[in-house]
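As a plain string of letters, each chain reads:
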Amino acid sequence: MRLEIMPELPAELLDESWDFYQDCFSDLQYLAVNRHLMYRSEFDEVMADKRIGKYVALDDEDGAVIGMGTLTNELESIPLISAEYFKYHFPEMYEQRRLFYCLFAGSALGHRGQGVFVALQRAMYAPIGEVDGKVFFDICSYNEERHQLPRMIAVILSRAAEAGRAQPTRLDAQSFWMYEFPKNDAPFRREERRSGYNRGRRDGGEDRRVARV
């Protein structure tokens, strides 16, 4: 595996990277209420935006994309987060560009993806460590509860060079509530029902190790 860091994704990698992104994160379409997947036009814009670093892991044998992550410390480049929140709560760090946002990070399944996610996280930590910065992710409830992704990322970052101990802190959370209208003969209270969490992958395959963010 070789890992390349690019300000802009080359045109010849764009289609393959889009296919990898879709394959890696498509389950979130069915497991998260909020939209987590970018449309192709949005993906292309991110891949062309030089304010957002692209971390791309390529297979040594055939050069295929086997891992990918994106990271930026220019928070205003991400329209779906509130840069004003961070400017208000961390004014000095915001001004110094020491706050980083990871849009997504994912790796291929099987032996091709072995060690890739860890390598991505370590590489993405490097610019954060250089400025003694902080990084934040947007993690859906499924990945938090099913895969314990916040804890797993903390373990990986704690092992990164000079990282010390990575301490996760929840900044915010959003819940989606559905209201039903049972008939008069139905019980007023029943056990809370949560959809999607016990379904796993729709195709019956293995869950991927992803952070999305």
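Scroll up a little and you will see the structure.
The shown structure was predicted, so the numbers you read here are calculated from the model rather than taken from an experiment. (Residues numbered from 1 in each chain as written. Predicted model: local features only at pLDDT ≥ 70, side-chain atom pairs only at ≥ 80, totals over all residues. Heavy atoms only, no water.)

**Describing the environment of Cys 24**
At step 1: Within the element layout of this structure, Cys 24 appears in helix H1 (residues 11-25).
At step 2: Cys 24 sits in the buried class, given a relative accessible area of 5%.
At step 3: Note: C-alpha distance between Cys 24 and Gly 67 (43 residues apart in sequence) is 9.3 Å. (Helix = DSSP H or I, 4+ residues; strand = E, 2+ residues; numbered from the N terminus. Buried < 20%, exposed > 50% of the residue type's maximum accessible area, 1.4 Å probe, protein only.)

**A few points about the packing of aromatic side chains**
At step 1: The full count for this structure, using the stated rule, is ten aromatic pairs.
At step 2: Measuring from ring centre to ring centre gives 5.3 Å for Tyr 21 and Phe 25, while their planes differ by 50°; the resulting arrangement is tilted. With a gap of four residues between them, Tyr 21 and Phe 25 both fall in helix H1, about one helical turn apart.
At step 3: Here the aromatic rings of Tyr 21 and Phe 43 are separated by 5.2 Å at their centres, their planes lie at 40°, and the arrangement is tilted. (Phe/Tyr/Trp six-rings, centres within 6.5 Å; stacked < 30°, edge-to-face > 60°.)

**Topic: empty space enclosed by the protein**
At step 1: Scanning the entire structure with this criterion turns up two cavities of 30 Å³ or more.
At step 2: In this structure, the second largest cavity encloses a volume near 40 Å³.
At step 3: Around the second largest cavity, the lining residues are Leu 71, Cys 102, Gln 121, Met 124, Tyr 125, Ile 128, Val 135, Phe 137 and Leu 157.
At step 4: Of all the elements in the fold, those that place two or more residues in the lining of the second largest cavity are helix H6 (116-130) and strand E5 (134-137).
At step 5: If one sorts the elements of the lining of the second largest cavity by residue count, H6 sits on top with four residues.
At step 6: Within the lining of the second largest cavity, the residues separate by chemical class into eight nonpolar, one polar and no charged. (1 Å grid on protein atoms, 1.4 Å probe; cavity = no way out; pocket = protein on both sides within 12 Å on 5 of 7 lines; lining within 4 Å. Points joined across faces, edges and corners; volume = space filled by probe spheres on them. Nonpolar A, V, L, I, M, F, W, Y, C, P; charged D, E, K, R; others polar.)

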